[in-house]
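As a plain string of letters, each chain reads:
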Amino acid sequence: MPDFDFRQTAALPAQPLPIVSIGLGGIVHDAHYPAYRIAGFNVVGGFDIDSERAAMMRQKFGIPALYDSLAQAVAQAPENAVFDIAVPGGASADILRRIPRGRAALIQKPMGEDLAEARAILRICRQRQLTAAVNFQLRFAPFIIAARDMLSQGLLGELSDMEVRMQVNTPWHLWPFAAALPRVEILYHSIHYVDLARSFCGRPNGVYAKTMNHPASPNLRGGSRSMIILDYGDNPRVNITANHSHIFGAEKQESSLKFEGSKGAIQIRAGLNMNYPHGVPDRFEYVLPSKGQPPRWHSLDIAGSWFPEAFIGAMASLMRRVNGETDELPTSVEDAIETMATVEAAYQSSASGGTALPSV
Ligand SMILES: NC(=O)c1ccc[n+]([C@@H]2O[C@H](COP(=O)([O-])OP(=O)(O)OC[C@H]3O[C@@H](n4cnc5c(N)ncnc54)[C@H](O)[C@@H]3O)[C@@H](O)[C@H]2O)c1
């Protein structure tokens, strides 16, 4: 195997900041808190409108303080706390309106239920001078940090093809709130890949998309399958396809992220989606052909996965920015709204339908 050294972990803050949780649901249980434990980040308190749920989370994770209301959470949070907001997308704006001026917030994706709400969130964050980021943590998954490092070391050459292919059986019942939503698949799932594509390829010129329901998910009206093409002109080709209703066993499930460049390629299996939220092992394979040699694929051992390690980087990047350790905030609300605009274009494209066939 070639002897390369690829970065796999996100930079950590020199001085972690205290965390106050708003919303203590499934994702906080499965990913936020396990990640913070690994990173040594301190949760000092939490609030959830469901007090039974909050009590269960306190018992399981030893949260030092539970607050009775958002007002109490805001009043008792330490001055330098990061508000870790993990509620359904439509509930984030009202919470942000009540965060004191000048504080820090990490907001779970999506940034509102549509672009109009994303604009409102951006406006609130600007008015209140919040240092705010959206939790697009896939960018910080160890396998993505490694892929980005390979690209930035120039090993893959120029990126020419990025493809995401999901053929999985997603347990939508874990998100009861999703049943009532007009937008689900792209807004709540494929948004991760749209955001990832933007982080590698920049702002697309346009979007072609189709999102649709599945007969086996009659209670989910906001789409459970999608095809999305991000148009970057001649190069790169970027394609996202997601079928969450593959009910034919684990054998043919796929959760694949592929990058091809002029000099090499990477194929990642993001095992999380194949038995969500427990996952199956990831796989990271790459090929860097030498002149005159047949291409040979290699495996790279990656420590950590999407759940929970990616959630370390999302929080760490915000803490580092608040601490003044960096000027960068990769998933700032100012950046994240571009992902929301791309998602909005995808829904518009889907609603406008394909090109009608000319008469013969
Ligand atoms: N990989 C990811 O990034 C990922 C994965 C799953 C979910 N999520 C996001 O996390 C958010 C929550 O998802 P979940 O799976 O935890 O859902 P969930 O339904 O399990 O939890 C949501 C929690 O928020 C609480 N809540 C709702 N409104 C509130 C409010 N105004 N104030 C305080 N608490 C409130 C609910 O009582 C519930 O406990 C969603 O926006 C979803 O998109 C992200």
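Please refer to the structure higher up on the page.
Only a predicted model underlies this, so the values are computations on that prediction, with no experimental measurement involved.

**Q** Any chance you could explain the packing of helix α7 (residues 185-201) against helix α9 (residues 333-352) here in plain terms?
**A** For any two helices packed against each other, one specifies the crossing angle of their axes together with the interaxial distance. Here α7 crosses α9 at 120 degrees, and the two axes come no closer than 9 Å. Of the possible angle classes, the one that applies to α7 and α9 is oblique. Crossing of α7 against α9: the hand is right-handed. Within the contact between the two elements, α7 uses Ile186, Leu187, Ile191, Val194, Asp195 and Arg198 and α9 uses Glu338, Thr339, Thr342, Val343, Ala346 and Tyr347. Tallied by class, residues from the contact of α7 with α9 come to seven nonpolar, two polar and three charged.

**Q** What's the story with the sheet that holds strand β5 (residues 131-134) in this structure? I'm lost.
**A** What holds strands together in a sheet is hydrogen bonding between their backbones, with the strands either parallel or antiparallel. The five strands lie next to each other as β2-β1-β3-β4-β5, forming an open sheet whose pairing is parallel. Each having just a single partner strand, β2 (43-47) and β5 make up the two edges of the open sheet. Shown here is a sheet whose adjacent strand axes are inclined to one another by a mean of 20 degrees, direction ignored. When strand β3 (residues 82-85) meets strand β4 (residues 104-107), the two strands line up parallel, connected through four bridges. The residue bridging Val82 from the neighbouring strand is Ala104, located in β4.

**Q** How do you make sense of the sheet that holds strand β8 (residues 225-231) when you look at a structure like this?
**A** Ordered by their spatial adjacency, eight strands build an open sheet running β7-β8-β9-β6-β10-β11-β12-β13, and the pairing between neighbours is mixed. What marks the edges here is a single partner per strand, and that holds for β7 (206-212) and β13 (297-299). Pairs of neighbouring strands in the sheet enclose a mean axial angle of 10 degrees, with direction left out of account. Note that strand β10 (residues 254-261) and strand β11 (residues 265-269) share five bridges and pair antiparallel. Across the sheet, the residue bridging to Glu260 is Ala265, located in β11. Packing against the sheet, helix α6 (residues 142-152) makes contact with β6 (159-167), β10, β11 and β12 (283-287), and its axis sits at approximately 180 degrees to β11.

Conventions adopted
Just so you know, the residues in each chain are numbered from 1, in the order the chain's sequence is written. Two thresholds apply to this predicted model, a pLDDT of at least 70 for residue-level local features and 80 or more for giving and counting side-chain atom pairs, whereas whole-chain, interface and lining totals are computed over all residues. Between N-to-C directions, angles cover 0 to 180 degrees, with each direction set by a line fitted to C-alpha atoms, over the stretch in contact for helices. Labels follow the DSSP assignment, with helices taken as runs of H or I lasting at least four residues and strands as runs of E lasting at least two, numbered in each case from the N terminus. When describing relative orientation, an angle under 35 degrees is termed roughly parallel and one over 145 degrees roughly antiparallel, while 65 to 115 degrees is termed roughly perpendicular and anything else oblique. It is the rotation of the near helix from the far one that decides the hand of a crossing: anticlockwise by less than a right angle makes it left-handed, clockwise makes it right-handed. C-beta atoms are placed from the backbone for every residue, and two residues are taken to be in contact when these atoms lie within 7 Å. Polar here means any residue outside two lists: the nonpolar Ala, Val, Leu, Ile, Met, Phe, Trp, Tyr, Cys and Pro, and the charged Asp, Glu, Lys and Arg; Gly therefore counts as polar. Following DSSP output, two strands are said to pair if at least two bridges run between them.

These figures capture arrangement, not role.
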